Amino acid sequence: MVFTFTKARPYAFFYEEAHLVLWQFDRDGRRDLYVLHEGVDGGASVLEYPGETFTERVLAEVGDVFFVSVHEEDEVAEAALGAFFEHRGRRYGAYYDRKAETNPMIWFFRMEGEPGEVAVEPLNDQEHREISEVFVKRYGHLLDIRQEGSEMEKQEE
């Protein structure tokens, strides 16, 4: 069986170690959250409802900042959350360009505030380097990404 929602868009992302899919419905802005279990050897992926408590917790933490506009020079990119994770007691988000078909640009932001009042803050250069390394180390093998010029890349050579 294959199901398609014609008036909804899926957005896969990581919430710490959980691989999730947020379905955003066009008509009323409804958001449904599912755990994504990848199919083995190209098999069908499985969506599992994680329960109301987990869904409410995740959406309270990232729902208001799941989509952001990233302003760079003369362009504005519409970005979606690709990963939400903690490092050294701080929360971070990795965002990707929603309109990119392949190799999307990734931006990193620090998440400040309490659930329901979260703000996305830019990183300084040092923090950006550190967080991009953490992101690649944590999710790189799942996403087949590599950070150009990183210490990790130099160690693999």
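It should be noted that the structure appears before, not after, this text.
Just so you know, these numbers come straight off a predicted model, no measurement behind them.

Novice: A description of the overall build of the chain should follow, citing residues and the corresponding values.
Specialist: For the chain, the helix and strand inventory stands at 3 helices and 9 strands. For the chain, the α and β elements follow one another from N to C terminus as β-β-β-β-α-β-β-β-β-β-α-α. Across the 157 residues in the chain, those meeting the buried criterion constitute 38%. Nonlocal contacts in the chain, meaning residues at least 24 apart in sequence, comprise 33% of its contacts between residues at least 6 apart. Counting only carbon and sulfur atoms, one obtains 47% of the accessible surface of the chain, whose full area is about 10,500 Å².

Novice: Provide a residue-level description of the packing of aromatic side chains, including the pertinent values.
Specialist: In total, this model carries 16 aromatic pairs according to the counting rule given. On the basis of an interplanar angle of 75° and a centroid distance of 5.5 Å, the ring pair of Phe5 and Phe25 is categorised as edge-to-face. Note that Phe5 is positioned in the segment before strand S1 (8–15) and Phe25 in strand S2 (residues 18–25), a separation of 20 residues in sequence. Among the residues examined, Phe25 registers a relative accessible area of 19% and is labelled buried.

Novice: Which residues make up the nonpolar core, and what values go with them?
Specialist: Phe13, Phe66, Leu81 and Tyr95 are the most contacted members of the largest nonpolar core, which totals 24 residues. When residues of this core are traced back to their parent elements, those giving at least two are S1, S2, strand S3 (31–37), helix H1 (52–62), strand S5 (67–72), strand S6 (75–87), strand S7 (90–97) and strand S8 (106–112). Ranked by the residues each element gives to this core, the list is headed by S6, at 5 residues. Those residues in contact with Phe66 that lie beyond four places of it in its chain are Tyr11, Phe13, Leu22, Arg31, Ala79, Ala80, Leu81 and Tyr95. If you look at the next biggest cluster of nonpolar residues, it comprises 12 residues, including Phe14, Ala94, Val134 and Phe135.

Novice: I'd love a proper account of the side chain of Asp97, names of residues and values included.
Specialist: Note that Asp97 resides in strand S7. Buried charge without a partner: Asp97 forms no salt bridge, and the closest opposite charge is Lys99, 6.7 Å away. At a separation of 3.0 Å, a polar atom in the side chain of Asp97 contacts the main-chain amide nitrogen of Lys99. Residues in contact with Asp97, not counting those within four places in the same chain, are Ala77, Glu78, Ala79, Pro104, Met105 and Trp107.

Conventions used here
- Sequence order sets the numbering: in each chain, residues are counted from 1 along the sequence as written.
- Selection of residues for local features in this predicted model requires a pLDDT of at least 70, selection of side-chain atom pairs for listing and counting requires 80 or more, and totals for whole chains, interfaces and linings are taken over all residues.
- The side-chain values count all of the structure's non-hydrogen atoms but skip hydrogen atoms and water molecules.
- Where helices and strands are cited, they refer to DSSP runs of H or I of at least four residues and of E of at least two residues respectively, numbered from the N terminus.
- Summary of the burial criterion: residues with accessible area below 20% of their type's maximum are buried, those above 50% are exposed, and those between are partly exposed, where the area comes from a 1.4 Å probe applied to protein chains only.
- Working rule for contacts: check all heavy atoms of both residues, and any pair within 4.5 Å makes them a contact.
- Per-residue and other accessible areas follow the Shrake-Rupley method at a 1.4 Å probe size, with only the shown protein chains counted as cover for residues.
- Any pair of Phe, Tyr and Trp rings, taking the six-membered ring for Trp, is counted once the centres come within 6.5 Å. Such a pair is stacked with planes under 30 degrees apart, edge-to-face with planes over 60 apart, and tilted for the rest.
- Each nonpolar core is a collection of buried residues, namely Ala, Val, Leu, Ile, Met, Phe, Trp, Tyr and Cys, held together in the definition by side-chain atoms within 4.5 Å.
- None of His or the chain ends enter the tally, which takes Lys and Arg as positive and Asp and Glu as negative.
- The term salt bridge refers to a side-chain nitrogen of Lys or Arg lying within 4 Å of a carboxyl oxygen of Asp or Glu.
- Side-chain atoms alone can form a polar contact between residues adjacent in sequence; in general such a contact is a pair of N or O atoms within 3.5 Å, and within protein one must be able to donate a hydrogen while the other accepts it.

Note that all results are geometric; they support no functional claim without further evidence.
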